[in-house]
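# Examination of the molecular architecture
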Amino acid sequence: MASNSTKSFLADAGYGEQELDANSALMELDKGLRSGKLGEQCEAVVRFPRLFQKYPFPILINSAFLKLADVFRVGMLGSLASIIPERKNAHHSIRQSLDSHDNVEVEAAVFAAANFSAQSKDFAVGICNKISEMIQGLATPVDLKLKLIPILQHMHHDAILASSARQLLQQLVTSYPSTKMVIVSLHTFTLLAASSLVDTPKQIQLLLQYLKNDPRKAVKRLTIQDLKLLASKTPHTWSRENIQALCECALQTPYDSLKLGMLSVLSTLSGTIAIKHYFSTVPGNVSSPPRSSDLVKLAQECCYHNNRGIAAHGVRVLTNITVSCQEKDLLALEQDAVFGLESLLVLCSQDDSPGAQATLKIALNCMVKLAKGRPHLSQSVVETLLTQLHSAQDAARILMCHCLAAIAMQLPVLGDGMLGDLMELYKVIGRSATDKQQELLVSLATVIFVASQKALSVESKAVIKQQLESVSNGWTVYRIARQASRMGNHDMAKELYQSLLTQVASEHFYFWLNSLKEFSHAEQCLTGLQEENYSSALSCIAESLKFYHKGIASLTAASTPLNPLSFQCEFVKLRIDLLQAFSQLICTCNSLKTSPPPAIATTIAMTLGNDLQRCGRISNQMKQSMEEFRSLASRYGDLYQASFDADSATLRNVELQQQSCLLISHAIEALILDPESASFQEYGSTGTAHADSEYERRMMSVYNHVLEEVESLNRKYTPVSYMHTACLCNAIIALLKVPLSFQRYFFQKLQSTSIKLALSPSPRNPAEPIAVQNNQQLALKVEGVVQHGSKPGLFRKIQSVCLNVSSTLQSKSGQDYKIPIDNMTNEMEQRVEPHNDYFSTQFLLNFAILGTHNITVESSVKDANGIVWKTGPRTTIFVKSLEDPYSQQIRLQQQQAQQPLQQQQQRNAYTRF
């Protein structure tokens, strides 16, 4: 009997064959929660997550959580604080539970009070006095006081509330000098100051005072932890005196553990604006930084400390001082920083323990920062890394290769002369198929690809392929091929993709790899371009397009409903259209030779008043080419806006493609179509100092060269001359000679963000329209949930969602009436901010015209920087506008009244006849 009841309960709840709506399923789960049998209660609880996945909307979730809270009491209520922060009955329940005699209920009430105080200002104001009375009350146990004190960290909603909480904490620190009480009070003090941004300098002074005067190690460790928190959150509030006091404490302490903690605070501060304040001089006071060498002295002492962590932080402080402060008297620290990094590198690269690897990461990050901030030191840093690579452990080699690649991506420091050393090292590694060896193969191959600015030599490719064939697995080969595509080594990538085609078990993977092989082959065809050889350029582009078309067919076959590969398809389509536009422009330039203007072209130009017509049909073809490149630039802009989850390097790559299109369109306009009004100020030299990759650096160099050529020819020759067409063709060849970089987002999606929309009212069948009377307005409610992947907000976060609602008339029914223009269309837009990834809003729509209307709801998002991204989705429903009964009745009465009159008129006409 029990099994039958359980089976019927599960079926009715929507988890068997029968499917119910949200309210019915929730009611049935509520029956299970209220069941007297423990098994049915547990079954109901575990079924709630599936209900939330199917109906992820707050009305149902709030109701469900309240039902669950009734089962789990106040502890569950605390977890609902972010959903129901202003629910007054919940506030009242928590206040009552704080006075309970049940210790379990009191602890749950403390947990709930902390969560609600963080979310609700009203609750925090109302509960503050109650918490203060309980903390100061003599009847309150000490253990309970220690649990109540952390609630005060959430009293940051206004300055008055924060001030009262700070006064209470000040009294507690003074009145209760026990270790536990001081630690809890000081930490709460720090969190309150960090959240309210009030009295932060006072809190720093208080912590430094306890660090200097309190002899207890536990208190000192707590103050160091809190100082590091304030150093990372509010570095601008640290004064020179605060940093000086911390340096003195670090110099005087005999304990390495405390010195390590203080140095970690100083290393955090050294990477912020605080270090500039420390070394800055006040006007009128030359010796204003008193004993400013204490920080330098401390860092220099610690660089060669026997404790790796202390040495790492000392080197980091020196590096940050060297990079941030450009004063002449600090230039001598450059060599100290380099020597400290070299000694730390030698020490940690021989040890594969986790501590040594963590220290090595700090040192390598400092090397990258030092090479970027002081480029003249980059060569010595790279030589040190290459020398140490041969004797380092495999784990350290991987990190050192990452460092080399990071430096080489910013600065062209890895020349062809170093490629031989890298290839020799590649021959001796990879003797086994361990994970470390596989990772090392990928890392070192990446460095080799960065070092070889052009295509790899036959010998280099042979060495890499031989190593891969002996010990690598398919995934390692794919990762190396992917890196080759990112670095522009398409000949190597093509061969590696080709070798993987027969090693996959899924046809989708096969088509994906085949498409990558075809794209690499297509880009390889462009390496044969030569300046001034335009016929060869046309044949290279045609050959490349042939492989690109094969690749896009395979890419389309590789897409699935769960993985549509929309970015990849659009990026490749744009590349195909761009190559076709380049080919068409070269043909147009060649037409000046093959089809010169007719003899009467000058007469036609004078007759039409357009001087450009004397050039013949090439003028119209150039205008079409310019419009084509502007259209491509617009499409690249749309792709950029649709790539909300892309990393910054991928977005920069898309932006560079867009700039290439704009560059060519500007060149056509400045040279041929409108040379008189062309302006070069907005296209001025952008420089290459801030380029983050070799590809970007080379593209920016091409842009500047083309602009210089166009500006030198502008207004010098009357358009269209062979000089103009040669300049355009050379610009195209220069752009195509830079190997295209397929960035990370083409292969890997690190951030995933999607929006799920629900419209109400909604029809039972999506194909059926919703019936609405034409004299009424439809209240369309739009609800949505923002869904994330495993790393939400990795690159950017959603600040607000923009909802655009529009309607179009699909088909009319009945007679046409004169309707005001405002009633014929609906076009509305609203912005809403998601709360806990949920948002909702309403639109009032008017359908005065009888017939079927198509309503489209499209969403886009705005990030924290105010940039709008067209993420979608796009949802459509149909509405059928019906005539209201009253108007229909009057119309029928009028028709009936007109019928006898029409019949009488017909009889009179018959009689006269």
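The name recorded for the protein in an unreviewed UniProt entry is Integrator complex subunit 7, from Colobus angolensis palliatus.

What follows deals with the overall build of the protein. Within the protein, the secondary structure is distributed over 37 helices and 9 strands. Taken across its 913 residues, the protein has 49% of its residues classed as buried. The contacts in the protein between residues at least 6 apart in sequence include a share of 71% that link residues at least 24 apart. Working note: accessible area of the protein is about 44,500 Å², and carbon and sulfur atoms make up 52% of it.

When pLDDT is averaged along the protein, the result is 85, and 88% of the positions lie at 70 or above. Per-element confidence in the protein ranges from a low mean pLDDT of 39 for helix α1 (residues 2-15) to a high of 96 for helix α28 (residues 507-525). Scored below 50 in pLDDT, residues 1-19 makes 28 contacts in the model with residues more than four places away or belonging to other chains. Across residues 283-291, confidence stays below pLDDT 50; counting only partners more than four residues off in sequence or on other chains, it has 15 contacts.

Of the strand pairs in this sheet, strand β1 (residues 753-760) and strand β3 (residues 777-788) are connected by 8 bridges, and their pairing is antiparallel. Within β3, the position partnered with Ser 754 by the bridge is Gln 787.

Now for the nonpolar core. Membership of the largest hydrophobic core comes to 272 residues, with the highest contact counts inside it found for Trp 238, Leu 385, Tyr 426, Trp 512, Phe 629, Phe 746 and Ile 855. When neighbours within four sequence positions are excluded, Trp 238 is seen to be in contact with Ile 204, Leu 227, Leu 230, Ala 231, Ile 243, Leu 246, Val 265 and Leu 269.

Bringing helix α7 (residues 103-119) into the picture now. Residues that lie three or four places apart on an α-helix share one face, since the helix turns once every 3.6 residues. Here α7 contains 17 residues, and its C-alpha end-to-end distance of 25 Å stays within 8% of the 24 Å for a straight helix at 1.5 Å per residue. Among the residues of α7, Val 106, Ala 108, Ala 109, Val 110, Ala 112, Ala 113, Ala 114, Phe 116 and Ser 117 are the ones counted as buried.

So, about the sheet that holds β3. Taken in spatial order, the 3 strands make up an open sheet running β1-β3-β6, and their pairing is antiparallel. Of all strands in the sheet, those with a lone pairing partner are β1 and β6 (838-846), marking the two edges. Strand after strand, the sheet turns through a mean of 25° between neighbouring axes, direction not considered. Note that β3 and β6 share 9 bridges and pair antiparallel.

This part takes up the side chain of Gln 203. Along the chain, Gln 203 falls in helix α12 (residues 200-213). Apart from the residues within four sequence positions on either side, Gln 203 is in contact with Arg 166, Leu 186, Phe 189, Thr 190, Ala 193 and Leu 230.

Attention now moves to the pattern of salt bridges. What the rule picks out here adds up to 27 salt bridges. A salt bridge links Glu 107 to Lys 147; its shortest N-O distance comes to 2.9 Å. Note that Glu 107 is positioned in helix α7 and Lys 147 in helix α9 (residues 142-148), a separation of 40 residues in sequence. Residue class for Glu 107 comes out partly exposed when judged on its relative accessible area of 43%. Salt-bridge contacts for Arg 652 lead to Glu 696; the nearest nitrogen and oxygen are separated by 2.9 Å. Note that Arg 652 is positioned in helix α33 (residues 648-673) and Glu 696 in helix α34 (residues 694-713), a separation of 44 residues in sequence. Residue Arg 652 shares its accessibility class with Glu 696, and that shared class is buried. Each of Lys 461, Lys 465, Asp 491 and Glu 495 takes part in salt bridges that share partners, so that together they form one network.

Okay, the side chain of Ser 625 next. With respect to the helices and strands, the residue Ser 625 is situated in helix α32 (residues 618-642). The contacts of Ser 625, once residues within four sequence positions are left out, are Leu 585, Thr 588 and Ile 668.

Position of Thr 871 among the secondary structure elements: in the loop between β8 (868-869) and β9 (874-882). A relative accessible area of 32% means that Thr 871 is categorised as partly exposed. Separated by 116 residues in sequence, Thr 871 and Ile 755 have C-alpha atoms that sit 8.0 Å apart. If sequence neighbours within four positions are ignored, Thr 871 has contacts with Phe 644, Ile 755, Ser 859, Ser 860 and Val 861.

What follows covers the packing of aromatic side chains. Per the counting criterion, the structure on display carries 19 aromatic pairs. Ring geometry for Tyr 510 versus Phe 511: centroids 5.6 Å apart, planes at 70°, classification edge-to-face. According to the relative accessible area criterion, Tyr 510 is partly exposed, its value standing at 35%. Look at Phe 511 and you get partly exposed, because its relative accessible area is 26%. Between Phe 746 and Phe 747, the aromatic rings sit 5.5 Å apart at their centres with planes inclined by 70°, giving edge-to-face as the arrangement. The class for Phe 746 is buried, based on a relative accessible area of 2%. Through pairs of rings, three or more aromatic residues link up here, namely Trp 512, Phe 519, Tyr 548, Phe 567, Phe 571, Phe 742, Tyr 745, Phe 746 and Phe 747. Over the ring of Tyr 255 we find Lys 217, and its NZ or CZ is 4.0 Å from the ring centre.

Basis of the calculations
- Residues numbered from 1 in each chain as written.
- Predicted model: local features only at pLDDT ≥ 70, side-chain atom pairs only at ≥ 80, totals over all residues.
- Heavy atoms only, no water.
- Helix = DSSP H or I, 4+ residues; strand = E, 2+ residues; numbered from the N terminus.
- Buried < 20%, exposed > 50% of the residue type's maximum accessible area, 1.4 Å probe, protein only.
- Contact = heavy atoms within 4.5 Å.
- Areas by Shrake-Rupley, 256 points an atom, 1.4 Å probe, with all protein chains shown as cover.
- pLDDT = per-residue confidence, 0-100.
- Pairing = 2+ DSSP bridges.
- Core = buried A, V, L, I, M, F, W, Y, C linked by side-chain atoms within 4.5 Å.
- Expected span 1.5 Å × (residues − 1).
- Axes fitted to C-alpha atoms, helices over the stretch in contact; angles between N-to-C directions.
- Salt bridge = Lys/Arg side-chain N within 4 Å of Asp/Glu carboxyl O.
- Phe/Tyr/Trp six-rings, centres within 6.5 Å; stacked < 30°, edge-to-face > 60°.
- Lys NZ or Arg CZ within 6 Å of the ring centre and 35° of its normal.

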